[in-house]
Amino acid sequence: MVIWRSWQSLKPPIWETPAAASRGSGGLIRKDTFFALCALAAFGLGGGAVRAETLAKETPAAEVLTIVALGDSLTAGYQLPPEEAFPAQLEAALRARGHQVAVVNAGVSGDTTSGGLARLDWSVGADSDAVIVALGGNDALRGLPPATTRSNLEQIVGALRARGLPVLLAGIKAPRNLGDEYADAFDAVFPAVAEAQGALLYPFFLDGVPISPETVQADGIHPTGAGVGLMVKGILPSVEELISRARASGG
């Protein structure tokens, strides 16, 4: 059993309650929690920038590839130390395999595809060489129209591709209690966008993460550091293909 089993049993209204918001569950949140999460996200972004600067000093600039991870709490590393968040663990895994990369944390807890589109220009800087887009989970949890999610993702990926940046789109699956019709329509968004925009696709960002105290936090949604490690293990081959595309394009 993987974390998807827990994800599919969730009901959107839970994200509107103060208790759920205080847990940082990734849906609608109170203003005080929102500003706190923004501060944490800003710290994460800064941490990514520091890593990139450090790597640039250690390695010739022409060899360091900057990958931006644009996402929500699953990317930001909700309730995890910076070194256990997805971008940091991904960077470590890639460097262990000989890739000279810096992975920037551009995750914001609670973000939707609309939020990602609104902050795209300043989240993905001019020095970026490739982008992992991992947005959509909060759209599904709020029951937003799949057509809206698709439009936002097409604009995000399309804008990045227009800049010459290769993109890896990490998909998410809708909770099944929203009904088969909604779930089928939502799940189909990610492969459709990837195909239309010429992006790489990783079908399910949380694939292979089992439900256990070691891999999933008490909220039943967000992975622990060990859970993030499994996410990294699963997506690693796709990221290496992203790196190959970036190198081929001159990144």
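Here the structure is a predicted model, which is why all the values come from computation and not from measurement.

A count of helical and extended segments in the chain gives 12 helices and five strands. Counting the 251 residues in the chain, one finds 53% classified as buried. Looking at the chain alone, contacts between residues at least 24 apart form 78% of all its contacts between residues at least 6 apart.

Moving on, we get to the pattern of salt bridges. Overall, the coordinates contain five salt bridges when judged by the stated rule. The residue Glu154 makes a salt bridge to Arg150 at a minimum N-O spacing of 3.0 Å. Separated by four residues within a single helix, Glu154 and Arg150 lie in helix α9 (residues 146-162), roughly one turn from each other. When its relative accessible area of 25% is taken as the criterion, Glu154 is described as partly exposed. A relative accessible area of 34% means that Arg150 is categorised as partly exposed.

This part is about the nonpolar core. Core analysis: the biggest nonpolar cluster contains 58 residues, and Ile67, Leu90, Leu94, Val133, Leu160 and Val239 have the highest contact counts within it. If one sorts the elements of this core by residue count, helix α12 (residues 225-248) sits on top with nine residues. Non-local contacts of Val133, meaning those with residues more than four positions away in its chain, are made with Leu70, Leu153, Ile156, Leu160, Val167, Leu168, Leu169 and Ala170.

Turning to the pairing of strand β1 (residues 65-71), a few remarks are in order. With seven of its seven residues buried, β1 lies for the most part within the structure. Burial along β1 is two-sided: the residues Leu65, Ile67, Ala69 and Gly71 and Thr66, Val68 and Leu70 are all buried. Two elements, β1 and strand β2 (residues 101-107), share seven bridges in a ladder whose sense is parallel. Its bridge partner lying in β2, Leu65 is registered against Val101. Two elements, β1 and strand β3 (residues 130-134), share five bridges in a ladder whose sense is parallel. Opposite Ala69, over in β3, you have Ile132 as the bridge partner.

Moving on, we get to the packing of helix α10 (residues 180-187) against helix α11 (residues 189-197). In the contact formed by α10 and α11, the axes pass within 4 Å of each other and the chain directions differ by 25°. Classed by the angle they form, the pair α10 and α11 counts as roughly parallel. Counted together, Ala185, Phe186 and Asp187 of α10 and Val189, Phe190 and Pro191 of α11 form the full contact between these two elements. Taken together, the residues that form the contact of α10 with α11 break down as five nonpolar, no polar and one charged.

For the rest of this paragraph, the subject is the packing of α9 against α11. The angle between the axes and the distance between the axes are what describe a pair of packed helices. Two numbers describe how α9 lies on α11: the axes approach to 10 Å, and their chain directions differ by 30°. Comparing the axis directions of α9 and α11 gives the class roughly parallel. Of the two elements, α9 crosses α11, and the hand of that crossing is right-handed. Residues Pro146, Thr149, Arg150, Leu153, Glu154, Val157, Gly158 and Arg161 of α9 pack against Val189, Phe190, Ala192, Val193 and Gln197 of α11. Residue composition of the contact of α9 with α11, by class: seven nonpolar, three polar and three charged.

For the rest of this paragraph, the subject is α10. All buried positions along α10 are accounted for by Tyr182, Ala183, Phe186 and Asp187. For α10, the buried positions fall inside an angular range of 120° around the axis, keeping them on one side. Relative to its buried face, α10 has exposed residues pointing more than 90 degrees away, namely Asp180, Glu181 and Asp184.

Reading the values: the criteria
- Residues numbered from 1 in each chain as written.
- Predicted model: local features only at pLDDT ≥ 70, side-chain atom pairs only at ≥ 80, totals over all residues.
- Heavy atoms only, no water.
- Helix = DSSP H or I, 4+ residues; strand = E, 2+ residues; numbered from the N terminus.
- Buried < 20%, exposed > 50% of the residue type's maximum accessible area, 1.4 Å probe, protein only.
- Contact = heavy atoms within 4.5 Å.
- Salt bridge = Lys/Arg side-chain N within 4 Å of Asp/Glu carboxyl O.
- Core = buried A, V, L, I, M, F, W, Y, C linked by side-chain atoms within 4.5 Å.
- Pairing = 2+ DSSP bridges.
- Axes fitted to C-alpha atoms, helices over the stretch in contact; angles between N-to-C directions.
- Parallel < 35°, antiparallel > 145°, perpendicular 65-115°, else oblique.
- Nonpolar A, V, L, I, M, F, W, Y, C, P; charged D, E, K, R; others polar.
- Left-handed = near helix turned anticlockwise from the far one by under 90°.
- Arc of directions from axis to C-beta.

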